[in-house]
Structure formats: structure tokens, C-alpha cells
Amino acid sequence: MDLSFATQQVIYGLTLGCLYGLLAIGYTMVYGVLRLINFAHGDLLMVSAYVAFFGIIIFSLPWPVAFLGAAIFTAVIGILIDRGAYKPIRKSPRISALITAIGVSFLLENLALVLIGGRPKSFPIPTLFNGSLSIGELKVPVLSLWILSLTLVLLVIVIGIVHKTRIGMAMRALSRDIETVSLMGIDENRVISFTFALGSILAAFGGVMWCMRYPAVEPFMGVIPGLKAFVAAVLGGIGNVTGAAIGGLILGLAEVLIVAIQPDWSGYRDAIAFCIMIVILLTRPRGIMGENLPD
Amino acid sequence: MINLLNIQELAVHFGGLCAVNSLNLRINSSEIVGLIGPNGAGKTTAFNVITGIIRPTKGKITFLGREITGKPAPVIARSGIARTFQNIRLYDDLSVIENVMVAAHSSVSYSFAEAILGFGRFTRDEARIRKRSQELLDLMGLGHLTREKANSLPYGSQRKLEIARALALEPKLVLLDEPVAGMNPTETSDFAKFIIKLRQDTSIGIGLIDHDMSFVMNVCDKIKVIDHGIEIAWGVPHEIRNNKKVIKAYLGEN
Amino acid sequence: MPDENPKRDKFLTFISLSFLLCFLWYADNHFSNYTLRILNNIAIFIILAVSYNLINGITGQFSLEPNAFLAVGAYTSAIFTLSPEEKLRSFIIEPMAWPLSEISLSFPASLVVAGVVTAFMALLMAIPVFRVRGDYLAIVTLGFGEVIQVVANNIVSVTNGPLGIKGLAPHTNIWWSWGICIFTVLCVVRLVNSSYGRAMKAVREDETAAMAMGINAFRIKTLAFTFSAFFEGVAGGLLAHLITTISPSLFTFLLTFNLLIIIVVGGLGSTTGAIISAVLITWGGEALRLVEEPISVLGFEYEGIPGMRMVLFSLILIFVMLFARSGLMGRNEFRWAILINWLKRRKTSEAKNQ
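All values derive from a computational prediction rather than experimental measurement.

Enquirer: Even after reading the chapter, I still don't get the domain arrangement of chain B, so can you show me in this structure?
Expert: All names here are of chain B. Along its sequence, chain B is carved into domain 1 (1-80 + 174-254) and domain 2 (92-170). On a C-alpha basis, the centroid separation for the pair domain 1 and domain 2 is 27 Å. Listed by partner, the interface residues are 14 residues for domain 1 and 11 residues for domain 2. Summing both sides of the interface, domain 1 and domain 2 together bury roughly 1,000 Å²; the carbon and sulfur share of this comes to 76%. By the criterion of area lost to domain 2, the three top residues of domain 1 are Arg78, Met183 and Phe194, representing 38% of everything that side buries. The interface formed by domain 1 and domain 2 contains 0 salt bridges. Of all the secondary structure elements, the ones that give two or more residues to the side of domain 1 that touches domain 2 are helix H2 (73-79), strand E7 (173-177) and helix H7 (185-202). Looking at the side of domain 1 that touches domain 2 residue by residue, the class counts come to 10 nonpolar, 1 polar and 3 charged.

Here it is as C-alpha cells:
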């Protein structure tokens, strides 16, 4: 395998990894504060994709407005999901919350199916994101550069929020011990809503980027990326934002590179994440960046 | 009298916090040993380490001469250490007798295949477990509540049920975490009589944590006092009562 | 307090099972093929719901595996019942791998193999998952469901790839499906009422307290998971030989979702609830199919809306979880004593009213 081919594949891998990472951060934050696998998180990718799609096609909005609208709409949906479905059963056994999460995920998917239909729609890619730069033999898609830089910017912002602001501090405190936080006089529901909003916005940007990279919008598009993003979050150490991003990158690189090296295995691409998951659980259940949290 | 439990230089750290620091403790058979100290002294943590729920940072625990430090909780329980919990942890949705029968699971000799087919050791074992559990409930004065759900019992009865459950494990050592918390004076003195009798009848060793000083002084043969994870006194009740360090630890804030 | 009376209860159970068998005999001879198919479906769904409830409801470990285990069971038993000639004929992309291509078993033997293979898969999954924490079980089993489809599509020399396996003999009839259904229910009920069942419930109620009482939670969870996998695998074999054609796309997450609804509506943790709800929802789901098909009522044409059934189902699931979490039965089980007492009370109150 020559160098330019390898570099090319690494760029593709990193691009995919960033998308996983953006989704994984949402999973990891919600799991951190609520100890809940938010199965509906992957579907937010689909919600945002449809909003952006309709914004551009039906309402002929300029793309920045449509993208921003998608982010805001998805954040609202994220908060509504928490308020409507998860908040009422905060004190119930964990299994109730997990079942509700599955219900919400299914509801979003099938509501989209009923309202919009199952035929995949091709996403209109704004010209700014089209084309590619040629560096020697290397062809770098402009979109990849956008995805990489946007992910980096968002990651810096999120880490800034989590570590430097008051609400971020409350989020971290919440991931340790809910009761203490209420004692500290912080409204835990506001913190949880904020967490959902932040995670949803990242998923929304991930969604818009996803359908520019793989331009088919359909009701079940979020299922597999969501599943893999959760694996990325576990790989990075669940509850750890930087870890989730790194986990996403590793998973993206692994998927692209394994298939590049061994084209025969391309059929098994979707199974790679699962195998990684099993290996982590067996060897390093707290993930690569995981810290020791008291149970 | 046989030495049951022997703890040497036990230490537990949570992150930077030191919950227990170089604790030494011996409990012999037919002996009631109290572990007391102000809130946050590390008493419950010590129990959690002994029963394998938390791993110690340092130190050695032996039970009947065998090292059990850091062993999994079920293994320690099966070797003969039973416990109750400070905040009552019953199996809420199970009936009173089922709660007790669960603890007898380790004595079951039938395989799950025999359970399904329902012959051989299954019938015999089930009858034995049920009879023994009923006996223990009668002993604790809960015999008439067999079919109630555990969480429908009043607080005091729940504490008693936890003890019946612990005894169903047929332990050599029982650790009671605040057994009389929430009981009224009559119940407390009845309970004191009960554990003294239990010790006489069965020769099991008992370790207990409680904040009710008169109860602790009344039933314990020996008492260990710890504060902020550090051990400050050890002796028979009247020695402890007059120990300056102990008085200071309890009243020091004033 | 209702009186327990083992002898009377056994007798009553025997009588009602005989009635059920008479009904099945009548059904087998008089009902239409469509109705019989629904009856078969109900039996398979009872098997699935009861075993799925064992791990989710009784042991309290949330898993999402039934579609995966159904697939494993269905493929395993299908591969073993086809004759070598049939295999030669239907595996057109790639011939079937030796020695599978030569082996052929009877239907019941293939069901046992299906159960054992599935249980073995479950065991392999339980080891990484239950060593850590239970809530990863959900995502690992969900992932396994996706992987099974990927694998079934790709190992063409075993599964015939996306083409699937066609032309299976329709071995599954009322007697096989209901016979195995009754067997499964009896096994699960006996297990739940044994010390192992109590240990499972203890793990659900408070894992730490269970371990402090000498219960090896890892082993108990693994037992429950493997046990339910066995029956899910057998159900897969029954399903394969009922519909006679299987392909990877058949075993989507939708199947698992249906079962989740069944056990939640029935009451998580109640075997009785799982059975009642399996009957209701399999029947009701069949009726609801109308929503998705074009119909004309009084001259108005309604277009069917795909997905509507699932929207309804997910709303039901969320609603039950939020407002009626105990479902139909809570965690209660049917007991003869309760029925008899209820009948007695009704009689006395009727007598009073007169």
C-alpha cells in the first residue's frame, strides 16, 4: 500500500471518526449525569438531517440558517424527550428508563416514517462543501476539512463549558452524586436539560455533516451510527467527553483502515464496532480515558 | 473461644479521601464487639470491606485463619460472614419468607436441571429451606407475616427480617450495621436480650455498629472506637465510657 | 389468605391443559389456515415472551437479544433439516460448506441443536457483559442483533447470504408449537419457583444485598440469560419451519421491540402477564395490520400508512412505562387459590344481593 493511498484512507477514517465522536459526546454526557443509555440519541441525527433538508428544499432557506435551525430544533427535541419521557421516571429502577428510551427511539423513527415516508431523500450539498483539494496525488475532500475543523471547534467549546463554567461544574458534580448537587442549591433538572441540549446540538451538527458525507436522508439513518457512537463512548471511557471524541476517531479509523487493508472484509464493516466493544468489556471496561468512579 | 475475624492495618482510600486508616480488629466466637464513632468515622466502610463490597487499599483480613482480603462478596458470605445494612436492603418485592430463603441459596444442593424436573434433592432441599426459614422468622417474631411483601412491613420488623435473613446464611460471624436504629426503647431492650441469647445459644461472633450508646455498652463485650478513619480506643465498655479521647471525639465540637 | 393445595392445583392444571389440548385438536381440524397460523404465532410468541421475561423481568437485566437469538435458532435448525440434495439445489451462489452440506437431522433434533447453539452464543456474550455491569447488556445484545444480520448476509456458504434459505418443510404445526410452548412455560415456572428463581429475583431487587447473602450474581445472571436463549433458539427453529423461508432481513429489531411491548404490557416480571399479553398483542397486532393496508370504508378510500402500527406500539410502550408501570399483572402470578377465592367471594356477594 503506497503512502498517498494510506494518507487518503486515514483522512476518510478521521472524517468518519469525527462524526462518531460528535454523537458519542452526547451519549457520554447523558450517561454521565443520568446513568442512562439514551437510545434515542442516534435518532437525533435523523431529526436534524430532515430539518436541514426541509429547510433548504421546501423553505429555500440559505444553508447556514437551515443548519442553525436544525441545531436549535434538535436541541428542543432533546430537551422535550428528557422532560416528557425521562424526567417522570428519574427515581424508578434503571430498567424503566432504558425501556422508555427504546420507546422514544422507536417513536421518533416511525413518526418520521409516517409523516415523511420511507423513501431516502438525497441531501442538497451546498457548493461550499463540495469538491476537493489536490495535494500531489492526494485528494482531500473539502467536506473532510470542514468536518475535522468543526469537530475540533465544537470539542474545544464543549470541554470549555464542562470545565470552566458553573453549569459545566454542576454537570460534573451530577455525574458523581445527584443528591449532593441538590444540596448545593443547583437545580438538577436545569443541568440535565442543559446536558440534553448540548448533546443534541452536537448530534445535530453531526447529522448535517453526516448527510453531506453520505447524502441519503431516511427515518432509520440514525440507528447504526448511534449504536457505533455508543461503542465509541464506551471505548473512550463513558462519562468522559475527550474520551468520547478519541473513541470516535479510533472507531472511524478502524472501520476505514481495516476495510482498506482487507477489502474482502468490507461486508463485515458494521461488525467491527461490536467486536471492539466486546474486547473493551473484557480487557478495559472503564475505557481508555475512563476514571475510577465509585459505583 | 476461636478467633473468627482478624483485621490488620486495614486502610481504605476514596480518591484523596481516607475513609479508614490502619484499623486493627479481632472478633472471636461467642463475642459481641462494637464498632463505634461519630458520623463519617468509617464504620460502615469497614463493614463493606470485610464483606467484600469495597476493596481495601491496604491491609489484611483473615477469617478462620484464611485470608479473605479483596475476595468477592459472595465468596466471603459463603465462608460464613453475614451482615445487615444500615439503610435496610431487603428484596422489597419478595415475600418475607422468600427474603430469608434467598440467603439459604448457598446451601442448596440441587442443580437447576433438578429444579425444572422437580425430583430428587429438589423437594427435600426446598422443604428443609422453608422449614428453617420459618424457624428463623418465628425466632425474630415475624412468623405470622410469612406471606407479606417485605416492603409492607413496618420499619422495626424490616430490621428484624434483615437479621433473620443474615442468620439463614448459617454464619459464624454476623455484622449488624445499626440494628436498633429507629426502634423504640422497649424494642431496643428486647433486641439486646435477643442478641445476648443468640450468642449464648449459637456461639456465633457478632460485630455491631450503633449510635445508641446505652445499647452498645449494654450488649458488647469489647468496643472499638474510631474517628475519621483512625482508631482511638479499644476496651471493655466501662473503659470506653471513661476514655478521655472518646469523650473528646464525641463532644469535641462543643 | 388463599389456601395452597398442591394436589388440587396439580389436578386443576391437568384438567385445564386437557381442555387446551381438546381446543387445539378442534382448531387443527376445523379452523382455517390463516387462523391456525395465528395460533402457531401465538404459541411461538408465548415461548419468546416467557423466556425474554426471565432475563428482563425476573432477573432485571435489560437485554435486547430476541431477534438475534431467533435468527441463530432459525438458521441453525433450518440448516440441519434440509437434506443434502436440497442444500445442493438451493445454495447457488456458493455451495454449502462441508460437513454442514452432508448433515441432515430430524426436525425435533434440529430444534434441540438450535437451542443449544443459541444458548452457547448467550454464554459467550454473558462472560464479557456480566463481568462488568448489567446495563451494557442492552447495547451488546442490540449490537449482536445487527452483527447477526451482517454475518448471515456474508457467510454465504452457511446461510446462503441475502437469498436466505427457502423451501423448508412446514414441520411446525399446532402440536409442535403448543407442545413446546407448554413445555417452556412449565420449565420457566419451575425454575422461577426454585431457589435459583429466588436468587434471580434477589439480584433484580438488590444486587449488592444478594451478593452479601452469598449469591454469585454473575452466575445467576448468566444462568437466566443462557436459559432464556435456549428457548428463544428453539422458538427460532419453530418459526423457520412455520414460515418455511428465512432471510437475514426477517430478523430485524422490530421483533425484539414487539416482545418488549409484550412483556411490559403484561407486567415485567410476571410469567402469567407475559402469556396473557403475548396472546393479546399477537392477536391485536394482526388486527392492527389493517391500519397499514389500504381500505375503503363507505366508499371512502383510506390509504394505508406504513409505520403507523409501530407509532401506536411505541406510544403504548412509553405510556405504560410512565403511567402504568406494573402492566396488566404487575409481578403477580396466577394461582388456583386466588381464582377459587375470587369465585367464592363472588358467590357469597351474589347470595347477599338476592
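Having put the structure on the table, let's press on.
Enquirer: Any chance you could explain the interface of chain C and chain B here in plain terms?
Expert: Note on interface size: it is often stated as the accessible area lost on association of the parts. Listed by partner, the interface residues are 30 residues for chain C and 35 residues for chain B. Summing the contributions of chain C and of chain B, the shared interface buries around 2,700 Å²; its carbon and sulfur component is 64%. Where chain C touches chain B, the interface holds 4 salt bridges. A salt bridge links aspartate 206 of chain C to arginine 89 of chain B, with the shortest nitrogen-to-oxygen separation between them at 2.7 Å. Contributing elements (two or more residues each) for the side of chain C that touches chain B: helix H8 (174-192), helix H9 (195-205), helix H10 (207-212) and helix H11 (217-243) of chain C. Looking at the side of chain C that touches chain B residue by residue, the classes come out as 16 nonpolar, 6 polar and 8 charged.

Enquirer: Would you take a moment to explain the interface of chain A and chain C for this structure?
Expert: Between chain A and chain C, the contact holds 42 residues from the first and 43 residues from the second. In total, about 3,700 Å² of surface goes out of reach between chain A and chain C, with carbon and sulfur atoms giving 80% of it. When residues of chain A are sorted by the area they lose upon contact with chain C, Ile99, Phe106 and Phe274 of chain A head the list and together hold 17% of the total. Counting across the interface, chain A meets chain C through 0 salt bridges. For the interface between chain A and chain C, the tally reads 3 residue pairs in polar contact (both at pLDDT 80 or more). Among the elements of the structure, helix H3 (63-86), helix H4 (94-116), helix H9 (223-236) and helix H11 (272-283) of chain A are those that each provide at least two residues to the side of chain A that touches chain C. Looking at which element gives the most residues to the side of chain A that touches chain C, the answer is H4 of chain A, with 15 residues.

Enquirer: Would you take a moment to explain the pairing of strand E8 (residues 205-209) of chain B for this structure?
Expert: On any regular strand, side chains alternate: one points to one face of the sheet, the next to the other face. All names here are of chain B. With 5 of 5 residues buried, E8 is to be regarded as a mostly interior element. The alternating pattern of E8 places Gly205, Gly207 and Ile209 on one face and Ile206 and Leu208 on the opposite face, and all of these are buried. The sheet contact formed by E7 and E8 spans 5 bridges and is parallel. Considered in E8, the bridge of valine 174 is made with isoleucine 206.

Enquirer: Before we go on, may I ask you to explain the packing of aromatic side chains in this structure?
Expert: Two measures describe an aromatic ring pair: the distance that separates the ring centres and the angle between the ring planes. All chains considered together, the criterion is met by 31 aromatic pairs over all chains. Aromatic pair tyrosine 86 of chain A and phenylalanine 196 of chain A: ring centres 5.9 Å apart, planes at 40°, arrangement tilted. Within this pair, whereas tyrosine 86 of chain A is found in helix H3, its partner phenylalanine 196 of chain A is found in helix H8 (residues 188-213), the two being separated by 110 residues in sequence. An identical accessibility class is assigned to tyrosine 86 of chain A and phenylalanine 196 of chain A; each is buried. On the basis of an interplanar angle of 85° and a centroid distance of 5.2 Å, the ring pair of phenylalanine 230 of chain C and phenylalanine 231 of chain C is categorised as edge-to-face. On the basis of relative accessibility, which here comes to 24%, the residue phenylalanine 230 of chain C falls in the partly exposed class. Aromatic ring contacts, followed pair by pair, group Phe274 of chain A together with Phe69, Phe130, Phe144 and Phe225 of chain C into a single cluster. Sitting over the ring of phenylalanine 85 of chain B, arginine 89 of chain B keeps its end group 5.3 Å from the ring centre. Taking the ring centre of tryptophan 234 of chain B as reference, the NZ or CZ of lysine 224 of chain B above it sits at 4.8 Å.

Enquirer: Help me understand the side chain of glutamate 232 of chain C, please; the structure alone is not making it clear to me.
Expert: Residue and element names in this part refer to chain C. Positionally, glutamate 232 belongs in helix H11. Arginine 204 provides the closest opposite charge to the buried, salt-bridge-free glutamate 232, at an N-O distance of 16 Å. Discounting chain neighbours no more than four positions away, the residues touching glutamate 232 are Leu48, Ser51, Tyr52, Glu65, Pro66, Phe69 and Leu70.

Enquirer: Please explain the packing of helix H5 (residues 142-164) of chain A against helix H10 (residues 241-261) of chain A as it appears in this structure.
Expert: Working note: a packed helix pair is described by the angle between its axes plus the distance between those axes. All names here are of chain A. The geometry of H5 relative to H10 is characterised by a closest axis approach of 10 Å and an angle of 160° between their N-to-C directions. The orientation of H5 with respect to H10, classified from their angle, is roughly antiparallel. On the side of H5, the interface is formed by Leu155, Val158, Ile159 and Val162, while H10 contributes Val241, Thr242 and Ala245. By residue class, the composition of the contact of H5 with H10 is 6 nonpolar, 1 polar and no charged.

Enquirer: Explanation requested: H10 of chain A in the structure shown.
Expert: Note: α-helices contain 3.6 residues per turn, so residues at a spacing of three or four share the same orientation. The terminal C-alpha atoms of H10 of chain A, which comprises 21 residues, lie 30 Å apart, in line with the 30 Å expected from a rise of 1.5 Å per residue. Where H10 of chain A begins, one side-chain oxygen reaches toward the backbone nitrogen of threonine 242 of chain A, 3.1 Å away; that side chain belongs to asparagine 240 of chain A.

Enquirer: Sorry, what's going on with empty space enclosed by the protein here?
Expert: The rolling of a water-molecule-sized probe over the atoms marks out the regions of remaining empty space. If you walk through the whole model with that rule in mind, you get 2 cavities of 30 Å³ or more. Around the largest cavity sit Ile224, Leu227, Lys228, Val231, Asp270, Ala273, Phe274 and Met277 of chain A together with Ile139, Gly143, Glu146 and Val147 of chain C, which together line it. Elements represented by at least two residues in the lining of the largest cavity include exactly H9 and H11 of chain A together with helix H6 (136-154) of chain C. Tallied by class, residues from the lining of the largest cavity come to 8 nonpolar, 1 polar and 3 charged. Empty space within the second largest cavity amounts to approximately 40 Å³.

Enquirer: Would you mind going over the arrangement of the chains with me for this structure?
Expert: In this assembly 2 pairs of chains touch, with chains A and C having more contacts than any other pair. Where chain A comes nearest to chain B, the C-alpha atoms are still 8 Å apart, and the two do not contact one another.

Enquirer: Can you help me understand unusual backbone geometry in this one?
Expert: Negative phi values dominate among residues other than glycine, just as trans dominates among peptide bonds. With phi around 45°, serine 60 of chain A is a residue other than glycine that occupies positive phi space. Mapped onto the elements of the fold, serine 60 of chain A is located in the loop between helix H2 (41-57) and H3. Accessibility expressed as a relative area gives 55% for serine 60 of chain A, which makes it exposed. In the Ramachandran plot, asparagine 160 of chain C falls in the positive-phi region, its phi being about 65° despite a non-glycine side chain. Mapped onto the elements of the fold, asparagine 160 of chain C is located in the loop between helix H7 (156-159) and H8. Looking at asparagine 160 of chain C, the relative accessible area reads 2%, which means it is buried.

Enquirer: I keep staring at the nonpolar core and nothing clicks. Help me out?
Expert: One recurring pattern in soluble globular proteins is that nonpolar side chains are buried together. Judged by nonpolar contacts, the single largest core of 267 residues is most densely connected at Phe39 of chain A, Ile195 and Leu208 of chain B together with Phe62 of chain C. When residues of this core are assigned to domains, at least three map to each of domain 1 (1-80 + 174-254) and domain 2 (92-170) of chain B. Ignoring anything within four residues of it in the chain, the contact list for leucine 208 of chain B reads Ile32, Val33, Gly34, Leu35, Phe47, Leu176, Ile195, Phe215, Val216, Val219 and Cys220 of chain B. Within the second largest apolar cluster, 26 residues are counted, among which are Val12, Leu25, Ile50 and Ile81 of chain B.

Criteria and cut-off values
- Residues numbered from 1 in each chain as written.
- Chains lettered and ligands numbered in written order.
- Predicted model: local features only at pLDDT ≥ 70, side-chain atom pairs only at ≥ 80, totals over all residues.
- Heavy atoms only, no water.
- Domains from an automatic or database assignment.
- Contact = heavy atoms within 4.5 Å.
- Buried area = accessible area lost by both parts, 1.4 Å probe.
- Salt bridge = Lys/Arg side-chain N within 4 Å of Asp/Glu carboxyl O.
- Helix = DSSP H or I, 4+ residues; strand = E, 2+ residues; numbered from the N terminus.
- Nonpolar A, V, L, I, M, F, W, Y, C, P; charged D, E, K, R; others polar.
- Polar contact = N/O pair within 3.5 Å; in protein donor to acceptor, adjacent residues only side chain to side chain.
- Buried < 20%, exposed > 50% of the residue type's maximum accessible area, 1.4 Å probe, protein only.
- Pairing = 2+ DSSP bridges.
- Phe/Tyr/Trp six-rings, centres within 6.5 Å; stacked < 30°, edge-to-face > 60°.
- Lys NZ or Arg CZ within 6 Å of the ring centre and 35° of its normal.
- Lys, Arg positive; Asp, Glu negative; His and termini not counted.
- Axes fitted to C-alpha atoms, helices over the stretch in contact; angles between N-to-C directions.
- Parallel < 35°, antiparallel > 145°, perpendicular 65-115°, else oblique.
- Expected span 1.5 Å × (residues − 1).
- 1 Å grid on protein atoms, 1.4 Å probe; cavity = no way out; pocket = protein on both sides within 12 Å on 5 of 7 lines; lining within 4 Å.
- Points joined across faces, edges and corners; volume = space filled by probe spheres on them.
- Core = buried A, V, L, I, M, F, W, Y, C linked by side-chain atoms within 4.5 Å.

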